[in-house]
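Residues per chain are reported as follows:
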Amino acid sequence: MNEQLLNIAQEWRGPLLLAAQVLAILLGAYLLQRLVARALTRLSNRYPLPPELLLPVRGGIRWLIMGGALIMVLERFGVSAAVLWTAISGFVAVAAVAFFAIWSVLSNLLCAVLILMLGPFRLGDVVELVESSDKPIVKGRVIDINLLYTTLEEVAEAGTGALVQVPNSLFFQKAVRRWRGGEIPLHTQLPHEE
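All values reported here derive from a predicted model rather than from experimental measurement.

1. A closer look at the pairing of strand β2 (residues 136–145)
Moving on, step 1. Direction of pairing for strand β1 (residues 126–130) relative to β2: antiparallel, over a ladder of five bridges. If you follow leucine 129 over to β2, its bridge partner there is valine 138.
Moving on, step 2. Count of turn residues in the β1/β2 antiparallel hairpin: five residues, of which aspartate 134 carries a positive phi of about 60°.
Moving on, step 3. Pairing of β2 with strand β3 (residues 149–154) involves five bridges; the strand directions are antiparallel. Considered in β3, the bridge of aspartate 144 is made with threonine 151.
Moving on, step 4. In this structure, the hairpin formed by β2 and β3 is closed by a connection of three residues.

Laid out in structure tokens, this is it:
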């Protein structure tokens, strides 16, 4: 009977030791995170630190501590830190390439939000994109603003002009002349066209 209990104890010794180590790592990480948060709170009470700075610092430190604890736990389960870092760095590299591949789309989305929120021009306004040398690029009446493009109806001398889709980010890279919708008729010449 004693021999059976000894065999069972030997069999469960490894998993119980591993569980105790994992719990110790997680508890230590939690306590360290709480200690650092308390120190940051004391620091912010002593010195007037803006909350806009303190909140991301706390979050970053929390992620670093918990990420380190996760790596230590995975090492206890036999995952090599070198393999883990290789996987993470590979993922980050792929994410960076994907981010740069869609950068222009994200830029146009952000600029669309800014155009809609700040209102540098509205539907019906006549706008003209101007190169730095005061050379016009495109001019037309705004007929649509979507998440990627602003659609302009070109100002033509006779009849309706062509529709031009201008990427939203271009409105923040070039100078823009604007005439409110009721200020200038669509088919009249502007002063610089004479």
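2. Overview of helix α1 (residues 2–46)
Residues separated by three or four positions in an α-helix point in the same direction, a consequence of the helix having 3.6 residues per turn.
Moving on, step 1. For α1, spanning 45 residues, the distance from its first C-alpha to its last is 62 Å, which sits close to the expected 66 Å at 1.5 Å a residue.
Moving on, step 2. Considering bend angle alone, the principal kink of α1 is centred on arginine 13 and spans about 40°; proline proline 15 follows within four residues of it.
Moving on, step 3. Those residues of α1 lying buried are Val22, Ile25, Ala29, Gln33, Ala37, Leu40 and Ser44.

3. Observations regarding helix α4 (residues 103–118)
Moving on, step 1. With 16 residues, α4 should reach 22 Å at 1.5 Å per residue; the first-to-last C-alpha distance of 22 Å fits that figure.
Moving on, step 2. Residues of α4 that are buried include every one of Ser107, Asn108, Cys111, Ala112 and Ile115, and no others. For α4, the arc enclosing every buried residue in end-on projection is 140°, short of the 170-degree limit, so these residues lie on one face. Exposed residues on α4 whose side chains face more than 90 degrees from its buried face are Leu110, Leu116 and Met117.
Moving on, step 3. Glycine 119 sits one or two positions beyond α4 and adopts a positive phi of about 65°.

4. Regarding a nonpolar patch on the surface
Moving on, step 1. A cluster of nonpolar side chains, contributed by Phe99, Phe100, Ile102, Trp103, Val105 and Leu106, occupies part of the molecular surface with about 590 Å² of accessible area.
Moving on, step 2. Residue assignment for the nonpolar patch shows that the elements contributing at least two residues are α3 (81–101) and α4.
Moving on, step 3. Tracing the chain through its elements places tryptophan 103 in helix α4.

5. Section: the UniProt feature "transmembrane region" (unreviewed entry) in the protein chain
Moving on, step 1. Sequence positions flagged by UniProt for "transmembrane region" (unreviewed entry) are, in local numbering, residues 12–32 and 91–118.
Moving on, step 2. Along residues 12–32, the helical share is 100% and the strand share 0%, with 30 Å between the first and last C-alpha atoms.
Moving on, step 3. What you have in residues 91–118 is 96% helix and 0% strand, and the ends, taken at the C-alpha atoms, are 36 Å apart.

What counts as what
Residues numbered from 1 in each chain as written. Predicted model: local features only at pLDDT ≥ 70, side-chain atom pairs only at ≥ 80, totals over all residues. Heavy atoms only, no water. Pairing = 2+ DSSP bridges. Helix = DSSP H or I, 4+ residues; strand = E, 2+ residues; numbered from the N terminus. Expected span 1.5 Å × (residues − 1). Bend = angle between axes of the 7 residues up to and from the residue. Buried < 20%, exposed > 50% of the residue type's maximum accessible area, 1.4 Å probe, protein only. Arc of directions from axis to C-beta. Patch = residues over 30% accessible without salt bridge, like charges linked within 9 Å, V, L, I, M, F, W, Y side chains within 5 Å. Areas by Shrake-Rupley, 256 points an atom, 1.4 Å probe, with all protein chains shown as cover. Salt bridge = Lys/Arg side-chain N within 4 Å of Asp/Glu carboxyl O. UniProt positions renumbered as here; feature names shortened; annotations may be inferred.

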